[in-house]
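Coordinate inspection notes
If you want the building blocks of each chain, they are given just below.
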Amino acid sequence: MATQDKATKLLALVDGSAYSKSVCDHVAWAAARTDASVDIVHVLGRREAPEQRDLSGSIKLGARTALLEELSELDERRSKLAITHGRAILDDAKSILDKAGVDAVQTHMRRGDLVETINAMEGDADLLVIGKRGEAADFAKLHLGSNLERIIRSAKKPVLVTSRAFEPIRRVVIAYDGGTSTLKAIDMVARSPLCVGLECHVVMVGVEDAKSRTALNQAAATLATGGHEAQLHSLPGTPETVLGAFVEPGDVLVMGAYGHSRIRSMIIGSTTSEMIRTCKVPLVLVR
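Throughout this document, residue positions are counted from 1 along each chain, in the order its sequence is written. In keeping with the predicted nature of the model, local features appear solely for residues at pLDDT of at least 70, side-chain atom pairs appear and are counted solely at 80 or more, and the whole-chain, interface and lining totals rest on all residues. Only hydrogens and water are removed before side-chain values are computed, so all heavy atoms of the structure are retained for them.

1. A closer look at unusual backbone geometry
Located in the positive-phi region is Asp35, a residue other than glycine, with phi close to 55°. Secondary structure elements are taken from DSSP: a helix is a run of H or I of four residues or more, a strand is a run of E of two residues or more, and numbering for both begins at the N terminus. Relative to the elements of secondary structure, Asp35 occurs in the loop between helix H1 (20-34) and strand E2 (37-44).

And the structure:
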């Protein structure tokens, strides 16, 4: 996130899913606290573009030509409908932000791969905002969409993953393990206006010893430079269980994203993925 003396830009992804309203509400909250401008993005997938079809084979020439023309017209209509739908999604999102008093809002429609598009646009953004699940998500199975994981793994900037509905934020909870990404998370909270005035908690999970106490005290000292009087917690257990029990409505959880390699995560699982799946508060993920 930007420091308090630098202009902030938020990049928000909307897709028309149930989470799009939550994305807009979280963006409005963040923009109000950081005086940020907002870029709202809707991405049309490649499958929504007119397709080139292979009609070679046993279909007779005349029939094949007629069928190709009909399919091309159908593809064109489908593509125009997707564009109209996308514009409506962007207009609705901008309307929500306008009503929330966010002045500097721009909308963008792009076509192509979602992750490639976001990576190309994130350069001057300070925070990406995305819903936990997209339009095709399986809510019953707490499905973590592959696009969301790809965005988080590839993003250079912090990512705010929204909860399904916005709750006024009153506490920031930082999951801290002394690693590189969590050190960046501590520094981000200390330097950004996003968390100014919020009750601040730093949670370290595992066996408490001299090393963990030193690490917590160092985190508290860094946060104090940003005006945060952090409450420190060293709790036994596993991160997924402890953090899930610690957070409550009105919290935002800040944590490092995917601290291990993708291969290792696939074999033994990932705390990041598990927290995104099960945590009912918004998360800010820092790489």
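2. Section: the state of the cysteines
A pair of sulfur atoms, both from cysteines and within 2.5 Å, is called a disulfide here. Under the defined criterion, the tally for this structure stands at zero disulfides. Left without a disulfide partner, Cys195 is nearest to the cysteine sulfur of Cys200, which lies 7.5 Å away. Take Cys195: its relative accessible area is 2%, and that puts it in the buried class. The classification of residues rests on relative accessible area computed with a 1.4 Å probe and restricted to protein chains. Under 20% of the type maximum is buried, over 50% is exposed, and intermediate values are partly exposed.

3. A word on the sheet that holds strand E7 (residues 199-205)
Pairing between strands requires that DSSP locate at least two bridges from one strand to the other. Spatial ordering of the open sheet is given by E3-E2-E1-E4-E5-E10-E9-E6-E7-E8, a layout of 10 strands whose pairing is mixed. The sheet is open, and its two edges are formed by strand E3 (105-111) and strand E8 (231-235), each paired on a single side. The sheet shows a mean angle of 20° between the axes of neighbouring strands, taken without regard to direction. Where E2 meets E3, seven bridges bridge the pair, whose relative direction is parallel. By the bridge assignment, His42 is partnered in E3 with Met109. Where helix H9 (residues 271-278) meets the sheet, it contacts strand E5 (159-162), strand E9 (251-256) and strand E10 (283-286), and its direction lies at approximately 165° from that of E9. Each axis is a line fitted through C-alpha atoms, and for a helix only the stretch in contact is used; angles between axes span 0 to 180 degrees, taken between their N-to-C directions. Whether two residues touch is decided by their heavy atoms; if any such pair falls within 4.5 Å, the residues are in contact.

4. Things to note about the pattern of salt bridges
Any Lys or Arg side-chain nitrogen located within 4 Å of an Asp or Glu carboxyl oxygen qualifies as a salt bridge. Inspection of every chain in the model, using the stated rule, returns 14 salt bridges. Between Glu248 and Arg171 there is a salt bridge, and its shortest N-O distance comes to 3.9 Å. Note that Glu248 is positioned in the loop between helix H7 (239-246) and E9 and Arg171 in strand E6 (residues 171-175), a separation of 77 residues in sequence. Its relative accessible area of 7% is what places Arg171 among the buried residues. Residues Arg191 and Asp187 are paired through a salt bridge, measuring 3.7 Å at the closest nitrogen-oxygen approach. One end of the pair, Arg191, and the other, Asp187, are both in helix H5 (residues 180-191), four residues apart, so they sit about a helical turn from each other. Using a relative accessible area of 36% as the deciding quantity, one classes Asp187 as partly exposed. Among the charged side chains, a salt-bridge network with shared partners connects Arg170, Arg171, Glu248 and Asp251.

5. As for the confidence of the model for the protein
Predictor confidence is given residue by residue as pLDDT, running from a minimum of 0 to a maximum of 100. Mean pLDDT over the protein works out to 85, with 83% of the residues at or above the 70 mark. Confidence over residues 138-143 falls short of pLDDT 50; this stretch has eight contacts with residues more than four positions distant or in other chains. Note on residues 261-269: pLDDT under 50 across the span, and six contacts to partners over four residues away in sequence or across chains.

6. Observations regarding the nonpolar core
By nonpolar core we mean a set of buried residues, namely Ala, Val, Leu, Ile, Met, Phe, Trp, Tyr and Cys, connected to one another through side-chain atoms within 4.5 Å. Ranked by size, the top nonpolar core spans 46 residues in total, and within it Val38, Leu97, Val172, Ile174, Val202, Leu223 and Val254 carry the most contacts. Setting aside its immediate chain neighbours within four residues, Val38 contacts Leu10, Val27, Ala31, Leu97, Val102, Ala104, Val105 and Gln106.

7. Focus on the environment of Ser22
On the secondary structure map, Ser22 appears in helix H1. Given a relative accessible area of 1%, Ser22 falls into the buried group. Residues Ser22 and Glu167, spaced 145 residues apart in sequence, show a C-alpha to C-alpha distance of 9.4 Å. Ignoring sequence-local partners within four residues, the contact set of Ser22 consists of Thr162, Ser163, Arg164, Ala165 and Phe166.

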